[in-house]
Amino acid sequence: DEVLQSVCLLATDQYGNYVVQHVMEHGKPHERSAIIEKLIGQIVQMSQQKFASNVIEKCLSFGNPVERQILIGEMLGSTEESEHLEVMMKDQFANYVVQKVLETCDDQQREAILTRIKAHLNTLKKYTYGKHIVARVEKLVAAGEKRLGLQPSRVLPED
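Residues numbered from 1 in each chain as written. Predicted model: local features only at pLDDT ≥ 70, side-chain atom pairs only at ≥ 80, totals over all residues. Heavy atoms only, no water.

Side note on the overall build of the chain
Check the secondary structure of the chain and you find twelve helices and zero strands. Secondary structure elements of the chain occur, N-terminal to C-terminal, as α-α-α-α-α-α-α-α-α-α-α-α. Out of the 159 residues belonging to the chain, those deemed buried represent 40%. Summarising the internal contacts of the chain: among those between residues at least 6 apart in sequence, 61% fall at separations of at least 24. Summed over all atoms, the accessible surface of the chain reaches about 9100 Å², with 51% contributed by carbon and sulfur. (Helix = DSSP H or I, 4+ residues; strand = E, 2+ residues; numbered from the N terminus. Buried < 20%, exposed > 50% of the residue type's maximum accessible area, 1.4 Å probe, protein only. Contact = heavy atoms within 4.5 Å. Areas by Shrake-Rupley, 256 points an atom, 1.4 Å probe, with all protein chains shown as cover.)

Points about the UniProt feature "repeat: Pumilio" (unreviewed entry) in the chain
The positions UniProt marks with the feature "repeat: Pumilio" (unreviewed entry) are residues 2-37, 38-73 and 80-115. For residues 2-37, helix accounts for 81% and strand for 0%, while the C-alpha atoms at its two ends are 15 Å apart. Annotated as 75% helix and 0% strand, the span residues 38-73 places its first and last C-alpha atoms 16 Å apart. (UniProt positions renumbered as here; feature names shortened; annotations may be inferred.)

See the structure below:
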């Protein structure tokens, strides 16, 4: 109960984040849901924080499909200034969360996300952390084509 009362504070703490991660991984379903509930509305900001980004990754790995959909939906949102996903892909910590999304989402979500990511691929190549996303997307596209028996194609033209 004490952990659940302080989820956001613990998630951003260099030691406390491990407590939240442990509960996400080994806790009861209602405890996992309670943690995710506390983080909803702050997913993008938390993903950009060194310690909390690990907690968000655990939420994606151990949340149920409905919760995962909510988390992904928040990441795909936007403000008037920017698109959350684009900001996350360029961030030193949040880019790992985006990679975890691609790893944990269902095929339909993956297609939607890949479509959004592909629109930014050329820009992402210019960012240190964006390059991680480009590599992951190319790997996923190649794996998908292999699964479908297609000839491998390049996601991006060579520079």
